[in-house]
Amino acid sequence: MRKVIASILSFFLFLFAISSVFADRAEAGGGQQACSIAIAKEATVAGILFEFLVEPSVGDDLMINTVSGSSTGFNLNFGQSAVVSEIVPEGWRLVDVTCESGPGIAIIIDEENNVLINCLTVSEGVCTFTNVPAENIPTLSEWGMIAAAGGLMIVGVWFAVRRRRGRAV
């Protein structure tokens, strides 16, 4: 009978020791990351450095540098969210943002191509930012000047035709 009681006590002592180890790991892992997010970069020219600003709901902002053709990641805790936005370098234009993620991450892309990421459970995701070189497209004011010059030309031709008809009569 003593052996049975001793073995039961040993078993409970063993369970207590194991549970305390797991409890210590859980406390130490309170900052353990639950979601892993990768920022991938696609651009027509490889090797160009692009910067991203990550603004988490808790903690300091984070700057991430990614070279076109590669990806860089960051982690979020459970219940934490972050806004990821690209700092578009001069001479480039951001044309598309696509994100893929597991069921534990909620991702929203707004009209300014900022990405809002919410970490719900352990999961992984990747957001791909696509850039192209900026073209030299005339601005609205340049198009306005072109239209104004064309309008003045048409008015000048109209007056010239009217004047010629007036002389002929």
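Okay, so let's go over this structure.

Each value, and the rule that gives it
Residues numbered from 1 in each chain as written. Predicted model: local features only at pLDDT ≥ 70, side-chain atom pairs only at ≥ 80, totals over all residues. Heavy atoms only, no water. Helix = DSSP H or I, 4+ residues; strand = E, 2+ residues; numbered from the N terminus. Buried < 20%, exposed > 50% of the residue type's maximum accessible area, 1.4 Å probe, protein only. Polar contact = N/O pair within 3.5 Å; in protein donor to acceptor, adjacent residues only side chain to side chain. Contact = heavy atoms within 4.5 Å.

1. Regarding the environment of Asp110
With respect to the element layout, Asp110 can be found in the loop between strand S7 (105-109) and strand S8 (115-119). Using a relative accessible area of 28% as the deciding quantity, one classes Asp110 as partly exposed. For Asp110 and Val97, which are 13 residues apart along the polypeptide, the C-alpha to C-alpha distance reads 9.8 Å. A polar side-chain atom of Asp110 sits 3.0 Å from the main-chain amide nitrogen of Glu112.

2. Side note on the side chain of Thr128
Along the polypeptide, Thr128 turns up in strand S9 (residues 123-133). Thr128 sits in the buried class, given a relative accessible area of 15%. Not counting residues within four places of it along the chain, the set of residues in contact with Thr128 comprises Ala40, Glu42, Asp96, Val97 and Thr98.

Keep in mind that these numbers describe shape and distance, not what the molecule does.
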